[in-house]
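Examining the three-dimensional arrangement
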Amino acid sequence: AINAIAVGLSGDDLGHLRDPLEGVSDLEEGIVRVLHPGSFVDDPTRILRAARYESRLDFALDPGSEALAREAVKNGALDTVSNERVARELLRLLAETEAGKAVDRLGDLGVDEALHPELHAEGELVAAAELGALETGADRALAGLAALAVRSPSRLGDWIGTLGLDAPRREA
């Protein structure tokens, strides 16, 4: 509902706050809420974005939105999205300061195994890899992705190969 907040930009509407879905209340209460029941089915990458915003802002999905996310994952919604789109959202999530927390949330929602049966969301491992990346100047998102693949590198390496990363990023 936060995304539905708008401000008038011209004429008599200039500066007027429009909040048709009570997004200001959600901001005050630290809630991430979808706009309609089909949001996660229409665009399953919203599940990854929700986990990213939860961890970045220290917010939480409202119970109804969480139930919708779980249902979408369970019903294979992520299978309807290209691996390249999933990769873009996953790398954005992994680039976050609180990526470990967001990765744990993906695991809680079942996103990890929905993406690949051998992918196990281990936030602590991702956080450690990203700390190492900061110390060495490596790409923190790629370090996080590598940490996700560390338990089954050959099988998950094939999956990473389907994510549409260019050769240097894939090799890193």
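Residues numbered from 1 in each chain as written. Predicted model: local features only at pLDDT ≥ 70, side-chain atom pairs only at ≥ 80, totals over all residues. Heavy atoms only, no water.

Looking now at the overall build of the chain. Along its length, the chain carries 11 helices and 4 strands. In terms of principal-axis extent, the alpha carbons of the chain reach across some 60 × 35 × 25 Å. With 172 residues in all, the chain has 42% of them scored as buried. A separation of at least 24 residues holds for 62% of the contacts in the chain among residues at least 6 apart in sequence. Summed over all atoms, the accessible surface of the chain reaches about 9200 Å², with 52% contributed by carbon and sulfur. Of the charged side chains in the chain, 18 are positive and 32 negative, and the gap between their average positions amounts to 3 Å. (Helix = DSSP H or I, 4+ residues; strand = E, 2+ residues; numbered from the N terminus. Buried < 20%, exposed > 50% of the residue type's maximum accessible area, 1.4 Å probe, protein only. Contact = heavy atoms within 4.5 Å. Areas by Shrake-Rupley, 256 points an atom, 1.4 Å probe, with all protein chains shown as cover. Lys, Arg positive; Asp, Glu negative; His and termini not counted. Charge placed at Lys NZ, Arg CZ, Asp CG, Glu CD.)

Here we take up the packing of helix α3 (residues 45-57) against helix α6 (residues 99-109). The contact between α3 and α6 brings their axes to 8 Å, and the two run at 135°. One way to sum up the angle between α3 and α6 is to call them oblique. The element α3 and its partner α6 pack so that their crossing is right-handed. For the pair formed by α3 and α6, the contact residues are Ile 47, Leu 48, Ala 51, Arg 52, Glu 54 and Ser 55 on the first element and Lys 101, Ala 102, Arg 105, Leu 106 and Leu 109 on the second. Tallied by class, residues from the contact of α3 with α6 come to 6 nonpolar, 1 polar and 4 charged. (Axes fitted to C-alpha atoms, helices over the stretch in contact; angles between N-to-C directions. Parallel < 35°, antiparallel > 145°, perpendicular 65-115°, else oblique. Left-handed = near helix turned anticlockwise from the far one by under 90°. Nonpolar A, V, L, I, M, F, W, Y, C, P; charged D, E, K, R; others polar.)

It is worth spelling out helix α9 (residues 140-149) at this point. For α9, a buried count of 9 out of 10 residues is recorded, marking the element as mostly surrounded by other parts of the structure. Among the residues of α9, those classed as buried are Arg 140, Ala 141, Leu 142, Ala 143, Gly 144, Leu 145, Ala 147, Leu 148 and Ala 149. The inward-facing, buried residues of α9 contact α5 (83-94), α6, α8 (123-136), α10 (153-161) and α11 (167-171).

Its 12 residues give helix α4 (residues 63-74) an end-to-end C-alpha distance of 16 Å, which sits within 8% of 16 Å, the value for a rise of 1.5 Å per residue. Looking only at α4, the buried set comprises Ser 65, Ala 69, Ala 72 and Val 73. Looking straight down α4, one finds its buried side chains confined to an arc of 100°; they lie on one side. Across from the buried face of α4, at angles greater than 90 degrees, the exposed residues are Pro 63 and Lys 74. Contact partners of the buried residues in α4: β3 (31-32), α2 (39-42), α3, β4 (60-61), α6 and α7 (111-115). Phi for Gly 76, located one or two positions after α4, is positive at around 80°. (Expected span 1.5 Å × (residues − 1). Arc of directions from axis to C-beta.)

Turning to the nonpolar core, a few remarks are in order. In this structure, Ile 47, Leu 90, Leu 94, Val 111, Leu 145 and Trp 159 are the most contacted members of the largest nonpolar core, which totals 42 residues. If you list the elements that add at least two residues to this core, you get α3, α4, α5, α6, α7, α9 and α10. (Core = buried A, V, L, I, M, F, W, Y, C linked by side-chain atoms within 4.5 Å.)

Mapped onto the elements, Arg 105 comes out in helix α6. Of the polar contacts made by the side chain of Arg 105, one reaches the side chain of Glu 66; its length is 3.0 Å. Contact partners of Arg 105, with chain neighbours within four places excluded, come to Ala 51, Glu 54, Leu 61, Glu 66 and Arg 70. (Polar contact = N/O pair within 3.5 Å; in protein donor to acceptor, adjacent residues only side chain to side chain.)

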